[in-house]
Every structure is written in structure tokens, then in C-alpha cells.
Amino acid sequence: MDWQSILSLSVQQAFGPTAVIYCLAAIGLNVHFGYTGLLNFGQAGFMAVAGYSVASIVSTWNMSFWLGILVGLLLTVVLALILGVPTLRLRADYLAIVTIAAAEIIRQTVGSVTLVDYFGGQDGLTGFIDSFRNLNPYSGSVGIPGVTAWSSYDFWVMTVGWVMVALSCVVVWLLMRSPWGRVLKSIREDEDAVRSLGKNVYSYKMQSLVIGGLFGALAGFATALRSAAIGPSFFATDITFFAYTVLLIGGAARVLGPVVGSVIFWFLLSFLGLFFDQATRGSDPLIPDWIMSPTEASLIRFIFLGLGLMLLMIFRPQGIFGDRRELALDAR
Amino acid sequence: MHAFPKRVAAFVALVSTAWVMLGGAAVATTSPPAQEGAAECALPQGSDDDTISILGRICDRRDTPQSPVEGVGITVEDSGGAAIGEATSGADGTFEVKLPGTAVENLGKTYVVKVDEDSLPDGTSLDDLERDIAINLDNDVSITFPIGEAPGSDTGTAVQGLQLLIGGIVFSVLLAMAALGLSMIFGTTGLTNFAHGELITFGAIIAYAVDQLPGAIRIGGLNLTVVIALFVAFLVSGAFGWVNDQALWRPLRRRGTGVIAMMIVSIGLSIFLRNLYQFFSGASSHNYSQYSAVQPWEIGPILITPKEVIVTVVGVVVLVAVTLLLQYTRLGKATRAVADNPALASSTGINVERVINLVWIGGAALAGLSGALLGVTQGFDYQIGFKILLLVFAAVVLGGLGTIWGAIVGAFIVGIFIEVSTLLVPPELKFVGALVVLIIVLLIRPQGLLGKAQRVG
């Protein structure tokens, strides 16, 4: 058992590009779910729209990377409007089902053979990151000596990513302490009361859906940049569920909840993965082969994840930083 | 009118799957989620050493079950265009081309896999005859070769529509059972259960476990192994529903946990169970010992397999029985009363907790049976329930969340729409079509087809 490498790799994951992605996605969900009480289960769809916009604008249509970012943001707003119009007047669970369905529609459409010329089918798209990579100021591997290190490109993605996270947190903090943010929170607490005060609840919910979706778009860009490739499997339904777990670990309706949640989530997930991997490998594994093989061991972390999400929601729905009174959510 | 069938054939037709499998240290950790369609044409196993090869299997997906295609020539070239090796698919459709060097040495290289068009069966041709494969250590790489226009499939649109309609009805019956369970649970408890897909998978796994017991179960000379397995799956799933309710949901209701919190708990349960299933049953898909390959009956121009008939008959009988129970028995009336208004039902002396518990048993038993029957028709893997969960949701929402008749009506609309729509849209997008319809219906009639209109905002 090589504890040092397990810890080192776990720290690498905890602050790595993947943690950035989930952090941004969870910030979006925080606006939706934490502050407004909207159950968006289709954050993966927002991410897919943004990620595929960049990838296809550059690789398929040979246009500028920055135009791709712009188109991605615009399309995300359009998606939020399309989803919001039919569902925001309905009960919370309708939005959940429609958003999860929309995310799957987007994923299956971009992965289809019919549109393979534009989106690359199941194989996805590659070769769209040149203008981003050329800005990379780092070379060699960068990291904390003696603890862990990242490749120069990963570290460049992380730098940009964590700066985006910091900016997003400032934006969320400013928004939520404004009168506008207080209306959102009161919609979460009692929609009818807000309506009786003459506020247009529908419009506020729509604005929240758009803004949270834009944070999801940032996560989508980060997904495309992290792997320098994009494919339909990057945006599976489980991505949204993991982002919810991230949000709930840190604490919903807290500005820094998603950041803390993401770091902890990825540390634990990698730690469990690496631990069980090492425990089942080698000639004399710690856990004998008849109990579990290395392939089976890779599933243990997800079993723990599911169990963890259940226990978290039952016993500590406010997560680490949250306020329990703020999460007394119920269907309306 | 003959344009449509040709276009359909273009996508359903022959699809061969070539996988790059890596030996030694490079074992895939998680299988890619997009394996739909590979159900009856499983891949060959990779060797467990440090060598690397391109493995694959050529299957004709026009047949149900998919049949292997023998004698198709495959050539592998490196990125420079030099030939690395060639192979011909054997009687089981598999082929293997060894790559030079170890797995690690090949990391990051790209190979081109070409299919020899002349060696394909008559009347078929591929859209793409070559695809690039990039080697990586994380995943097996799966490549599909969709086929081009298949000449000779000039059956009329009407016949094809009828054939698809039958397929749609078979699927609808299964969907209706699962949807009824979900809708009953929602109606009585308000819980949108995201772990319902795992109840479906549970049934399929239990039936498989019984099926795999040594020996066959014979009654009066008839081999009834799978029939008994279905019955056991129905009962054990019901018990599983009871456990679900007693161990998790009932304590949560007692604590006064909100509906949204319970919804998120059900997501956790879904992730937990799905990975547990994969832990025990593996990522590959399984078939039952009986009914996996049978000759279809020809009724006029329509083809129907005996297993489809059996599945439909069993499904319809169960559905009718359940709806009659709900409509006429005291318990059924009590269930509907609880679904309508739990507080009022309670005040008239109905034991609400007992009704909810029974609904969980019934709902899980229905879901499990539908999963087991689904396994009979197309085989199953650990995420079969999760894959159709959205369609179950679509059916329930379309009919009206919480209404019993709505779930059945919705399931038939969704199930038939999915199959028949393939006349117009590529089959790979048929689920997309159903989900788009769901969103459109919500725009026009938010409460669903049979739901009660209520002001919600």
C-alpha cells in the first residue's frame, strides 16, 4: 500500500481540472436549487450545449475559439428559456423531469450518427483547443514540491478555471446580497407570499434559470478544455447527480459551498478509487481476488458515493456550511 | 412513399462493432455507458497480458437476435497507411488483429480499421468503410460501422408501420407496468422515485439468478425455467419494495423529510444500487436460457416472435388484473382515495401507512416483472432500468403524474410513438422524439392528458 502516492494523486484530483468543472456546475446548481429552489436535473445539458458549441465552431466550422465561447453562452441562454417557458409555472418535479429529459435529448442528438459530420457522433470532436493552449504560460510540470504536480496544460486549465470559480463566487455573492437575491430566496421559502407582494415570480425564476445555466456553460467549456476532446459520454445524467452531491457536501445556499464541496468530493472519490485499486492489485493483494477483482473495486467508490448522498440528505441536508433552516424545502 | 423504408434500413441495418481491447495493466476501469444495441452480440474477451490487439465482432442488427456475420475481411493500417494485419470474421462473427508491441507502446497511436466491402453479405453496403481508432488506456474503444442503403428491403410503408406498431405495443406493455408502479408510488407518497429504474433492473437480475440455477425446472415435461424465474422475480421484487419502504421511505416520512429531499435521497439510492448491480453482475449484458433466439412466426407480411407474444400476454393479463383490483376491491379504492387526498382518506378510517406499504410492494413487483420481461425480449445489463427510466417518467408525466389510468395511457402513447416514429426519424433518435413530445405536451397541457388541472403558479 503506497499511501504517499494515494494521497498525492488524491490531492492532485481534489484541485485538478475535474474538480473545477464540478465546482462551476455546482455553482450554477446553487443559484437554481440553493437560492431559488428550482430542481434543475439537466445541468449536464447546459454543459453539453456550451462544450459542443466551442468544439464544433472550431473543429467543424473552422471559426474562432472565442466566437465559440460567445455562441456557447448565447445558446445556453436560449436553452434556459426553452426549458423555463413550459415548466417554471408547474410544480417543482416537472422542472426536474423536463430538464433531465432535455439533457438526455441533447446528449443523444449530438452523439447520433445522423449528425456525425457536425458533432462527431459517439467519437466526439477533438482539435479545437489550439488558441487556448497557445496562451499557456507554463512549461514542464507545475505543482507543490513534495506533495503533487500537474502537467503544464492541466495547470493552465486549473489557473483559468479557479479564476473563473473565484469570479463566479464574487458574482453569486453580490447577486445574493442584492434585493434581487432576497427575492429569489423568498421564492424558495414561499412562492405565494412573494406573488402576493406583487413580484413576478415567473420572471425571477426564469432569470435564475438563465444565470445558473451560464455557470453550467462555464463548466461545459472547462470540460471541453480539460480533455482537449468532447464526446456524448462526458455529459451523462450522472454528471448532474455528482454536481448535486458536490453542492450538498459543501452546503447549498452558501457562496463557498460548491468550492469546498468539489474539493472534498474529488479528494474522497479519488482516495477511495486509488485505495481499493491498490488493495486489490499485486501478487498478494490486501483484499483477496475472490472478494473483489480490480474491476469490481473501481465501483466501490460509486457505491459509497450513492450511499453518501443518501445519508447526507437524510442526516445533514445543510452540508458542511449550510443553514438547516434554509433547506427546509418542500414541493409546492 | 418508398423513400422512408429505405432510409430506415440505412440505419438499422448491419452494424459491425470493432473494439480495441487492451491486455495487462490496461484493463478498462469503467465501461462506456453508450453500449446500447450490443445486447445480443457480446464482444469477445481480451487477453489478460501485455499484448494488444484490435478485437471485434461483426453482427447484423437487422435480425433479432442479432446474428453474427461470417467471412467479412478486416484490414488494419497504421496512421501512415502501412498495413499492420488483416483478419476475417469467423463463424461467431469475431475477428482479431494483433498489434505489434505492448499496450503501453501503442498508447496514443491511431490505427485505421477498414472493412472489405466485397466480402459483406449480398445486398448490404457500409456508409463508412474505414474508421480511425486512437489507443488509450482508460477505455475500450468501440467503433460502429453504420450501413448504407440496403437494396431489396422494399416492403411497403403500411406493412412496416404495422410491424413497428406491434413492436411498439410489446414495449408499451412493459413500459405501462413500470409506469403504473411509479405513478402509484407518486400518487400515494408524493415521491418522484429516481431509483425506480433500479427496481426494474432488480427484477431482471432476480429472474436471471433463478434461470442460472443448475438444472431446468420441468412441469409435465415442459421446460418452464424462465416462466418460473419470472414468477419468482415478481414475488421477490415485491418483497424488495417492502424492504425499500420499511427500511428507508417510511422512516423518512416519519421524520417529516420533504418531498424534494426524498427525491435526492432516491438519486443516491439509484447510484448506490446501480453500481452494486454492476459489482455483482458485471458490465456485460446477459440473456436468459430460453427464448433468446427463436424463429419468428410469419403472419401475413408481419413477423412476430413467440417470446413477444408471451411477454405481451403476460403483461396485459397483469395490467388488467391490477387495474381491476384498483377499480373494484376495497384495497384498490383505498389506494385511490389515498392518492387523491391522504388526510381525507385517513379521516375516513383508511390506514394510510398500510396502503402506502402495499403500494410499494405492488409497484416494485410490477417494475420487477417488467424488468424481467424486458430481459426476456432484449437481454439486460446492470443499467437497463436506468436507461428506460426517462421513458417511464415521460409516460407518467404525459398521462398525468399520480393518475393510474394516465400512466397506462401515457405508456402506450410513448411506447408506440417510439417504435412507429422510426418510419420518419433515424432509430438512434427515437428516444429523443419521445422526450420532445413530452416537453411539447407539457407546454400545451401541463397537467398531462388525464390529470386534473390545478393552479400551480
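The structure displayed is predicted, hence computed values, not measured ones.

S.K.: Report on the overall build of chain A, specifying residues and quantitative values.
M.R.: Along the backbone of chain A there are 14 helices and four strands. The C-alpha atoms of chain A give a radius of gyration of 20 Å, which matches the 20 Å a tight globule of 332 residues would have. Each principal axis of the C-alpha atoms in chain A carries an extent, and together these give about 70 × 50 × 40 Å. The proportion of buried residues among the 332 residues of chain A is 54%. Pairs at least 24 apart in sequence give 73% of the contacts found in chain A among residues at least 6 apart.

S.K.: Account for the overall build of chain B, naming residues and giving values.
M.R.: Within chain B, the secondary structure is distributed over twelve helices and 13 strands. Within chain B, the proportion of its 457 residues that are buried is 47%.

S.K.: Lay out the interface of chain A and chain B with the relevant residues and their values.
M.R.: Contact residues are listed per partner, giving 51 residues for chain A and 46 residues for chain B. The leading source of residues in the side of chain A that touches chain B is helix α14 (residues 294–315) of chain A, at 14 residues. Across the side of chain A that touches chain B, the residue classes tally to 33 nonpolar, eleven polar and seven charged.

S.K.: Report on helix α10 (residues 384–399) of chain B, specifying residues and quantitative values.
M.R.: Residues and elements named next belong to chain B. With 16 residues, α10 should reach 22 Å at 1.5 Å per residue; the first-to-last C-alpha distance of 23 Å fits that figure. Considering bend angle alone, the principal kink of α10 is centred on L390 and spans about 30 degrees. Burial analysis of α10 places 15 of its 16 residues in the buried class, the great majority of the element. Directly beyond the C-terminal end of α10, a positive phi value near 115 degrees is found at G400.

S.K.: Describe the environment of W290 of chain A, and please don't skip the residues or the numbers.
M.R.: Mapped onto the secondary structure, W290 of chain A falls in the loop between α13 (257–280) and α14. Residues W290 of chain A and G251 of chain A lie 39 residues apart in sequence; the distance between their C-alpha atoms is 39 Å.

S.K.: Give a description of the nonpolar core that names residues and reports values.
M.R.: L24 and A101 of chain A together with L175, A179, V392, A394 and A395 of chain B are the most contacted members of the largest nonpolar core, which totals 208 residues. Of all the elements, helix α9 (residues 352–378) of chain B adds the most residues to this core, at 15 residues. A395 of chain B has contacts with L175, A179, A407, G410, A411 and V414 of chain B, leaving out every residue within four places of it along the chain. Formed by 13 residues, the second largest nonpolar core is a distinct cluster that contains I74, V76, V113 and L120 of chain B.

S.K.: Explain helix α6 (residues 306–328) of chain B to me, and be specific about the residues and the numbers.
M.R.: Taking 1.5 Å per residue, 23 residues should reach 33 Å; α6 of chain B reaches 33 Å between its end C-alpha atoms and fits that length. Among the residues making up α6 of chain B, those that are buried are K307, E308, V311, T312, V314, G315, V318, V322 and L326 of chain B.

S.K.: Help me get a handle on the packing of helix α3 (residues 196–212) of chain B against helix α4 (residues 225–255) of chain B, residues and values and all.
M.R.: All names here are of chain B. Two elements in contact, α3 and α4, have axes whose closest approach is 8 Å; the angle formed by their N-to-C orientations is 135 degrees. In terms of orientation, α3 and α4 fall into the oblique class. Relative to α4, α3 is oriented so that their crossing is right-handed. Between α3 and α4, the residues in contact are L199, F202, G203, I206, A207, V210 and D211 and T225, V226, I228, A229, L230, V232, A233, V236, S237, F240 and G241, respectively. Considered class by class, the residues forming the contact of α3 with α4 number 13 nonpolar, four polar and one charged.

S.K.: So, the packing of α13 of chain A against α14 of chain A: which residues are in play, and what are the values?
M.R.: Residue and element names in this part refer to chain A. Closest axis-to-axis distance for the α13/α14 pair is 8 Å, and the angle between their directions is 150 degrees. On the basis of the axis angle, α13 is roughly antiparallel to α14. With respect to the hand of their crossing, α13 and α14 are arranged in right-handed fashion. Seen from α13, the contacting residues are L269, L272, G273, F276, D277, A279 and T280; seen from α14, they are P294, A297, S298, I300, R301, F304 and L305. Looking at the contact of α13 with α14 residue by residue, the class counts come to nine nonpolar, three polar and two charged.

S.K.: Lay out the confidence of the model for chain B in plain terms, naming residues and giving numbers.
M.R.: All names here are of chain B. Within chain B, residue pLDDT values average 78, and 75% of them lie at 70 or more. Contacts for the low-pLDDT stretch residues 1–40, under 50 throughout, to residues beyond four places or in other chains number 116 contacts. Segment residues 148–153: pLDDT under 50, and 15 contacts once partners within four positions in sequence are set aside and those in other chains are kept. Among the scores for the predicted complex, ipTM is 0.92 and pTM is 0.79.

S.K.: Kindly report on the environment of V20 of chain A, identifying the contributing residues and their values.
M.R.: All names here are of chain A. In this structure, V20 sits in helix α2 (residues 17–36). Expressed as a C-alpha distance, the spacing of V20 and T126, which sit 106 residues apart in the sequence, is 21 Å. Setting aside anything within four residues of it in sequence, one finds V20 in contact with M158, G161, W162, V165 and A222.

S.K.: Break down the confidence of the model for chain A for me, citing the residues and quoting the values.
M.R.: Per-residue confidence for chain A gives a mean pLDDT of 91; residues scoring 70 or more make up 98%. Looking across chain A, the model is least confident in strand β2 (residues 141–144) of chain A, with a mean pLDDT of 86, and most confident in α2 of chain A, with 96.

S.K.: Quick rundown of the environment of S119 of chain B? Include the residues and the values.
M.R.: All names here are of chain B. Structurally, S119 is set in the loop between β7 (110–115) and β8 (130–134). Along the chain, S119 and G73 lie 46 residues apart, while their C-alpha atoms are 6.0 Å from each other. With near-sequence residues (within four places) excluded, S119 lies in contact with G71, V72 and G73.

S.K.: Now, about the pairing of strand β3 (residues 148–151) of chain A: what can you tell me, with residues and values included?
M.R.: All names here are of chain A. Bridge analysis of β2 against β3 gives four bridges, and the strand direction is antiparallel. The residue of β3 that forms the bridge with S141 is S151. In textbook terms, the turn of a hairpin is the stretch between consecutive antiparallel strands, and for β2 and β3 this stretch comprises three residues, one of which, G146, has a positive phi near 85 degrees.

S.K.: So, unusual backbone geometry: which residues are in play, and what are the values?
M.R.: With glycine set apart, most residues show a phi of negative sign, and most peptide bonds adopt trans. Residue and element names in this part refer to chain A. If you check the backbone angles, A228 has positive phi at about 55 degrees while not being a glycine. One non-glycine residue with positive phi stands out, namely A253, at about 65 degrees. The residue A253 is located in the loop between α12 (237–250) and α13 in this model.

Parameters and conventions
Along each chain, residue indices are assigned from 1 in the same order as the chain's sequence is written. Each chain takes a letter, starting from A, and each ligand takes a number, starting from 1, following the order in which they are written. In view of the model being predicted, local features appear only for residues whose pLDDT reaches at least 70, and side-chain atom pairs are presented and counted only at 80 or more, with totals across whole chains, interfaces and linings using the full set of residues. A run of DSSP states H or I qualifies as a helix once it reaches four residues; a run of E qualifies as a strand once it reaches two. Both are numbered from the N-terminal end. Radius of gyration means the value over C-alpha atoms here, while the globule rule gives 2.2 Å times the residue count to the 0.38 power. Our exposure labels follow a C-beta count within 10 Å of each residue's own C-beta, placed from the backbone: buried means 20 or more other C-beta atoms, exposed means 12 or fewer, and partly exposed covers the counts in between. Any residue pair is listed as a contact if its two C-beta atoms, each placed from the backbone, are within 7 Å. Basically, the charged four are Asp, Glu, Lys and Arg, the nonpolar ten are Ala, Val, Leu, Ile, Met, Phe, Trp, Tyr, Cys and Pro, and anything else, Gly included, counts as polar. Given the number of residues in a helix, its expected span is that number minus one, multiplied by 1.5 Å. At every residue, the bend is computed as the angle between two fitted axes, covering the seven residues ending there and the seven beginning there respectively. One nonpolar core equals one set of buried Ala, Val, Leu, Ile, Met, Phe, Trp, Tyr and Cys residues connected by C-beta atoms within 7 Å. Fitted lines through C-alpha atoms give the axes, limited to the stretch in contact for helices. The angle between two N-to-C directions lies from 0 to 180 degrees. Here is the rule for angles: anything less than 35 degrees is roughly parallel, anything more than 145 is roughly antiparallel, 65 through 115 is roughly perpendicular, and the remaining ranges are oblique. Crossing handedness is read from the near helix: turned anticlockwise from the far helix by less than a right angle, it gives a left-handed crossing, and turned clockwise, a right-handed one. Across the chain, each position has a pLDDT score giving the predictor's confidence in that residue, from 0 to 100. Whether two strands pair depends on DSSP finding at least two bridges between them.

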